[in-house]
Amino acid sequence: MMEREQDIDWNAHALDFLVKLSPIKKIREQAQLIREVFSLVEEYMLADAVCFYRNFDELTTRVVLASKKQVFHSHLNPDSVQNYIRSDEYQSVEKIFQPLFFINEQYEKCIVIPLYNTALSGGLIMGWKALKTDEAGFDRFLTGVQMGMNEMMQRMSVYHEIDELTTRFNAILETIPEGIVYVDDSGKSAWVNTVGSELLKLNQGSNQPFLVATAMQELRSGAVNQEEINEIANKLFSEPNQTIKDWKWIIGDPILSVLRVACKPISSPLVNGRLWVFTDITFSHIANEQLKELNEELAIKRNLADEQNQAKSEFLANMSHEIRTPMNGVIGMTSLLMHTILTEEQKEYVDTIRLSGETLLSLINDILDLSKIESGKLEIEEAPMSLVKLVEETYDLLSVRANEKGLDLLYLIDPNVPSEVLGDPTRLRQILLNLVSNGIKFTSKGDILIHVQSIGKQEDVYHIQISVKDTGIGIPANKFNTIFESFSQVDTSTTRKYGGTGLGLSICQRLVNMMGGTISVSSTEGLGSTFTFNIKVHANREVKQFDFAPVVKDTLLTGKKILILDDNETNLQILQSQCKLWGMNPVIFNDCHLAIAEMGQQEFDLAIVDMLMEEYDGVAVAREMKMKFPDKKIPIILFSSLGFSHFKNKEDKDLFAAILVKPTKHSMLKKTMMDILGRKEGSEMATMSASVLLSQTQSIDNIRILVAEDNDTNQKLIRKTLEKLGYGCELVNNGVEAVEAAKRKQYDLILMDVMMPEMDGYEATQQIIVGAKAHKPIIIAMTANALADDKNKAMRAGMDDYISKPFRIADIEEKINKWKPHFQN
Ligand code: ADP
């Protein structure tokens with residue numbers, strides 16, 4: 001250390017230091033750089049001790065390089081030295097503070113030069129035992145050292161950041177499954193990741209732009225979908241800033257690989273080029289192609305199945321027609337035979353034939369329905385319908401059977417059920433008919449009750465629950481599920497004892513499901529069963545009186561006290577709540593003695609008495625009431641399953657203000673009560689139910705009837721049937737003859753078979769209507785075709801009504817009575 005003895009030219013020294021530092025700055029490897037710089041510092045500082053420290057974080061500052069061992073503390077306490085190391089300027093350390101840095105030494109001069117940088121923060125500590133120097137020159141030297149070192153560290157931090165970015169970038173490029181290629185527009189640079197190199201068949205490291213571009217060109221021209229590729233390529237290369245995302249390159253025939261290619265222009269002030277991304281979609285492409293083929297195959301098969309289904313349902317329609325035509329003969333002729341004089345034995349035979357015929361017919365209908373549902377041919381329609389009417393119609397159809405067995409048919413419609421809903425009345429009636437006729441079939445005593453409730457509502461969609469309860473033999477719990485299966489009955493003796501096919505409930509369940517609901521049963525053996533189903537329906541908003549509840553209370557009924565006597569508890573409850581809804585004051589009795597006694601205690605405006613009761617019948621009760629309280633003159637309404645015509649004795653008849661046939665419609669009861677209460681005493685008996693009036697004797701009219709029918713047996717059958725009813729007819733064999741006949745003569749009624757040779761019934765009807773002008777006859781279609789939408793077809797052809805074969809005398813009678821008021825004479 002010779003120089004220390006003399007005065008050192010620190011200015012020249014600083015210059016030398018910076019000149020020597022310059023090549024070192026280019027070293028990229030951090031540890032080597034620090035070492036080189038440190039030895040330069042050692043050489044030029046001429047210090048007795050020098051060290052390089054690093055700030056690793058806020059709390060850790062460590063000496064990483066030192067010129068001598070055991071001179072510096074290896075860890076510096078950051079709190080104590082922070083004035084020195086967190087400063088922008090280099091500083092002298094006075095002797096008393098030197099122990100913060102040195103272990104045992106003490107120096108004449110001690111300097112700390114902090115070097116700040118984000119990536120590398122640290123500094124130099126130097127000590128001189130004796131330093132003879134010109135202070136100003138030394139200061140300039142130190143400033144120069146600090147500046148040079150700071151610049152070097154700045155550079156190092158940039159290298160550090162670049163290094164970090166490069167590492168991250170390479171890691172991403174080599175991890176993703178896509179092939180990534182970048183080609184500079186100027187043709188100077190390009191890079192490719194490993195997947196990309198493999199794809200382009202480039203050697204690792206062959207990143208010359210020319211090679212990469214050529215390899216991409218080769219790959220593209222090897223694709224089999226050139227037309228599609230060229231179209232997109234034209235678009236891509238015609239404009240500089242085009243981005244393409246879904247470019248498909250299909251390589252090889254048969255397919256070897258399929259690439260989805262994306263290309264995005266990249267531009268910055270210094271860089272311009274295109275980034276290419278290649279995704280291998282071979283697997284999904286092949287899967288998609290296979291799916292397409294499968295779908296096409298499926299469509300062909302579906303069409304075939306549809307055709308077969310169509311053929312099946314046409315076959316069913318034809319078969320149904322073929323079976324129904326002879327059945328028409330069997331049932332119709334049997335029905336005629338029963339109206340002739342027969343011995344008891346013969347009557348029994350004929351009855352058995354009729355019953356077997358009817359069973360066979362219902363079996364055919366059920367099977368047809370089931371196959372219609374299964375082939376998806378059955379569609380649920382949406383038409384306005386009244387649930388009350390539906391229940392009443394069902395009861396009307398089954399009242400004869402219920403009355404024969406002495407069963408009451410009751411119903412209860414909750415007031416919150418909308419009066420008209422949108423649904424399929426035909427199918428809903430079919431379900432109700434099935435459940436109620438099962439109820440009647442399996443019940444020998446008691447009643448059937450239909451209860452309609454609304455159990456929920458979302459906007460105007462009502463959740464309607466309908467239950468059909470009987471008091472019959474019941475069903476064992478282990479059969480609850482199986483009875484809904486096709487051809488399933490509780491036990492094998494059922495058919496023998498009660499008849500039936502085991503298809504009814506299965507059809508009900510499917511129909512209910514199609515209406516979006518479910519059906520279930522609950523039952524106690526010996527006590528009865530309840531079948532419950534629910535459907536979701538829209539309320540018909542076009543109806544003015546929206547809710548069923550007859551809120552409009554008639555003043556005639558309001559406040560009127562009514563005595564109700566019936567030994568059926570359910571019926572009593574229903575009548576009571578119904579009368580309350582009408583604003584009346586009902587008092588109910590299930591015991592006739594109590595009822596009669598109460599008449600003496602209270603003033604009643606009206607009484608309802610049931611005909612069939614255990615102890616006394618309705619007539620006996622009424623007689624006693626009139627006898628005991630002759631002055632009270634309370635009008636009595638009798639509920640009877642036998643109707644009005646049953647009363648031979650006028651005195652009995654006179655006991656009552658009205659006789660209502662069961663099942664009694666609530667609307668009819670209300671009207672009857674209003675008639676009675678509004679009428680002056682002593683006037684005529686109140687209006688009776690339609691069915692009572694119907695059973696009155698028929699007057700024989702002279703009606704002109706034409707029958708168009710090609711089948712001999714059916715011709716005979718219909719002529720005989722009409723004769724039985726007291727009508728004559730003329731017969732023709734086909735549509736052409738029917739049109740001829742209608743031209744010659746004016747008929748009141750034409751019964752028109754729809755399927756006839758030469759000209760069918762629809763065509764004939766249209767021609768007759770055109771020819772008839774003012775005097776159009778009533779035309780009723782007769783058809784054995786159960787599958788097709790016959791009724792609508794007949795109506796569209798201009799017919800007035802429809803009758804399905806096989807028919808019974810009563811069916812023809814009903815139709816003639818219905819249309820009689822419209823006949824021309
Ligand atoms: P079917 O009545 O024609 O035999 P269903 O499918 O309508 O066919 O009924 C299946 C079976 O369920 C019946 O045979 C009978 O055993 C039982 N069942 C149905 N309804 C009732 C009921 N209300 N009471 C008792 N058993 C019933």
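What counts and what doesn't
- Residues numbered from 1 in each chain as written.
- Predicted model: local features only at pLDDT ≥ 70, side-chain atom pairs only at ≥ 80, totals over all residues.
- Heavy atoms only, no water.
- 1 Å grid on protein atoms, 1.4 Å probe; cavity = no way out; pocket = protein on both sides within 12 Å on 5 of 7 lines; lining within 4 Å.
- Points joined across faces, edges and corners; volume = space filled by probe spheres on them.
- Helix = DSSP H or I, 4+ residues; strand = E, 2+ residues; numbered from the N terminus.
- Nonpolar A, V, L, I, M, F, W, Y, C, P; charged D, E, K, R; others polar.
- Pairing = 2+ DSSP bridges.
- Contact = heavy atoms within 4.5 Å.
- Buried < 20%, exposed > 50% of the residue type's maximum accessible area, 1.4 Å probe, protein only.
- Right-handed = clockwise from strand over helix to strand, strands pointing away.
- Patch = residues over 30% accessible without salt bridge, like charges linked within 9 Å, V, L, I, M, F, W, Y side chains within 5 Å.
- Areas by Shrake-Rupley, 256 points an atom, 1.4 Å probe, with all protein chains shown as cover.
- Salt bridge = Lys/Arg side-chain N within 4 Å of Asp/Glu carboxyl O.
- Lys, Arg positive; Asp, Glu negative; His and termini not counted.
- Charge placed at Lys NZ, Arg CZ, Asp CG, Glu CD.

Undergrad: Just checking my understanding: could you explain empty space enclosed by the protein for this structure?
TA: Regions of empty space are outlined by a rolling probe, equal in size to a water molecule, passed over the atoms. This structure, assessed with the given rule, holds three cavities of 30 Å³ or more. Here the largest cavity is characterised by a volume of approximately 130 Å³. Lining the largest cavity are 13 residues; nearest its centre among them are L409, L410, N571, F639 and T664. Counting residues per element, the ones that place at least two in the lining of the largest cavity are β13 (408-413), α14 (569-581) and α18 (666-678). In terms of residue count, β13 provides more of the lining of the largest cavity than any other element does, four residues in total. A per-class count over the lining of the largest cavity returns eight nonpolar, three polar and two charged. Put simply, the second largest cavity is a space of about 60 Å³. Together, I34, V37, F38, F52, L120, L124, M149, M152, M153 and M156 line the second largest cavity. Looking at the lining of the second largest cavity, the elements with two or more residues in it are α2 (30-45) and α4 (135-175).

Undergrad: Quick question: what am I supposed to make of the pairing of strand β9 (residues 244-251) here?
TA: Look at any regular strand and the pattern is simple: side chains alternate between the two faces of the sheet. Pairing of β9 with strand β10 (residues 257-267) involves six bridges; the strand directions are antiparallel. Counted as the bridge partner of K248 is R260 from β10. Between β9 and the antiparallel strand that follows it, β10, lie five residues; G252 among them carries a positive phi value of about 90 degrees.

Undergrad: Please clarify how the environment of G526 should be interpreted in this entry.
TA: When you line up the elements, G526 lands in the loop between β17 (519-524) and β18 (528-539). Residues G526 and G472, spaced 54 residues apart in sequence, show a C-alpha to C-alpha distance of 6.5 Å. Setting aside chain neighbours within four positions, we find G526 in contact with G472, I473 and G474.

Undergrad: Can you walk me through the pairing of strand β24 (residues 705-708) in this structure?
TA: Of the two faces of β24, both are covered, the one formed by I705 and V707 as well as the one formed by L706 and A708. Note that β24 and strand β26 (residues 749-753) share four bridges and pair parallel. Each bridged residue has a counterpart across the sheet, and for V707 the counterpart in β26 is L751. Following the chain from β24 across helix α20 (residues 712-724) to the adjacent parallel strand β25 (residues 730-732), one finds a crossover that is right-handed.

Undergrad: Would you take a moment to explain the side chain of D610 for this structure?
TA: Within the element layout of this structure, D610 appears in strand β21 (residues 606-610). You can call D610 buried: its relative accessible area is 1%. Here D610 is in contact with L565, D566, D567, G618, L638, F639 and K662, once residues within four sequence places are set aside.

Undergrad: What is the right way to look at a positive patch on the surface in this model?
TA: On the surface, K716, R719, K720 and K724 cluster together to form a positively charged patch. Looking at the secondary structure, you find R719 in helix α20.

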